[in-house]
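# Results of the structural survey
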Amino acid sequence: MIKKISIFCLVLVLGFGYEIHSARLFTFPSTNNDCRFKPGYYIESIPLEDGELKIHVEITNEFATFHRIIDKYYVKNEINWTKDCEFELVTLEITDPILLDSDFIGNKTYYRVKQVKETTFQYMEVNKQNVISLQFQGLVFPHAVME
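Just so it is clear, the structure is predicted and the values come from calculations on it, not from any experiment.

Take the nonpolar core next. In this structure, Phe37, Tyr42, Ile59, Ile79, Phe87, Tyr123 and Leu134 are the most contacted members of the largest nonpolar core, which totals 20 residues. Those elements that place two or more of their residues in this core are strand S2 (51–59), strand S3 (63–69), strand S4 (73–83), strand S5 (86–94), strand S6 (108–116), strand S7 (120–125) and strand S8 (131–138). With near-sequence residues (within four places) excluded, leucine 134 lies in contact with Phe37, Tyr42, Ile43, Glu44, Val57, Ile59, Thr119, Thr120, Phe121 and Tyr123.

Have a look at this one:
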């Protein structure tokens, strides 16, 4: 009888351990650290018919904020890594009037990392071909006003 109880307890402990391990895998997806954004400030250049638009991008481990005009017109997103080299941006704030028709609070957009170099981070929206390049500028925020 004691042997049966011991075996039953062992099975329960192993099963409980497996459940905790499985739940942790689903709660914290593993992500290749080589694909993650390096925290700091970046420049994104968007080609236009009459030149290019420079967007200042402020990135932390949790957020990416895209400034068209620093501290005035921007979009703040939460970064959620979903699997190796893939992430979603969830829109948290929008103050840029040109984006109000195409973006909204809670909007999720999915991306895949294309290439990471020492000072350049390239990614693309899943199911689209346009590649976005961010050029690393350093840890000091460039306070030049863009218009």
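Okay, the side chain of histidine 67 next. Within the element layout of this structure, histidine 67 appears in strand S3. Polar side-chain contacts of histidine 67 include one of 3.4 Å to the side chain of glutamate 58. Side-chain polar atoms of histidine 67 contact the backbone nitrogen of aspartate 71, separated by 3.3 Å.

Going through the model one piece at a time under the given rule, you end up with one disulfide. Across the disulfide, cysteine 35 is cross-linked to cysteine 85 (sulfur-sulfur distance 1.7 Å). Across the S-S bond of cysteine 35 and cysteine 85 the torsion is about 50°, and the bridge reads as right-handed. Of the two residues, cysteine 35 is situated in the loop between helix H1 (2–27) and strand S1 (40–48) and cysteine 85 in the loop between S4 and S5; the sequence distance between them amounts to 50 residues. Owing to a relative accessible area of 17%, cysteine 85 belongs among the buried residues under this scheme.

This brings us to the sheet that holds S4. Taking strand neighbours around the barrel as the criterion, the eight strands line up as S1-S2-S3-S4-S5-S6-S7-S8 in a closed arrangement whose pairing is antiparallel. Adjacent strand axes in the sheet meet at a mean angle of 35° when their direction is disregarded. Taken together, the nine bridges between S1 and S2 define a ladder with antiparallel strand orientation. Within S2, the residue paired with isoleucine 43 across the bridge is histidine 56.

Looking now at the environment of threonine 91. For threonine 91, the location among the structural elements is in strand S5. Excluding anything up to four places from it in sequence, threonine 91 contacts Val75, Lys76, Asn77, Asp103, Phe104, Ile105, Gly106 and Asn107.

Attention shifts here to the layout of surface pockets. Considered as a void within the structure, the largest pocket measures approximately 760 Å³ in volume. Glu44, Phe66, Leu99, Tyr111 and Ile132 are the residues nearest the centre of the largest pocket, which is lined by 27 residues in total. For the lining of the largest pocket, the secondary structure elements donating two or more residues are S1, S2, S3, S4, S5, S6, S7 and S8. Tallying contributions element by element places S1 first for the lining of the largest pocket, with four residues.

Here the focus is the pairing of S8. In terms of strand pairing, S1 meets S8 through four bridges, oriented antiparallel. Residue pairing in the sheet places tyrosine 42 in a bridge with phenylalanine 136 of S8. As defined by bridge partners, S7 adjoins S8 across five bridges and the pair is classed as antiparallel. Bridging from a neighbouring strand, phenylalanine 121 pairs with leucine 134 of S8. Counting the residues that bridge the hairpin from S7 to S8 gives five residues, and of these asparagine 127 lies at a positive phi of roughly 70°.

What counts, and at which threshold
Residues numbered from 1 in each chain as written. Predicted model: local features only at pLDDT ≥ 70, side-chain atom pairs only at ≥ 80, totals over all residues. Heavy atoms only, no water. Core = buried A, V, L, I, M, F, W, Y, C linked by side-chain atoms within 4.5 Å. Buried < 20%, exposed > 50% of the residue type's maximum accessible area, 1.4 Å probe, protein only. Helix = DSSP H or I, 4+ residues; strand = E, 2+ residues; numbered from the N terminus. Contact = heavy atoms within 4.5 Å. Polar contact = N/O pair within 3.5 Å; in protein donor to acceptor, adjacent residues only side chain to side chain. Disulfide = S-S within 2.5 Å. Pairing = 2+ DSSP bridges. Axes fitted to C-alpha atoms, helices over the stretch in contact; angles between N-to-C directions. 1 Å grid on protein atoms, 1.4 Å probe; cavity = no way out; pocket = protein on both sides within 12 Å on 5 of 7 lines; lining within 4 Å. Points joined across faces, edges and corners; volume = space filled by probe spheres on them.

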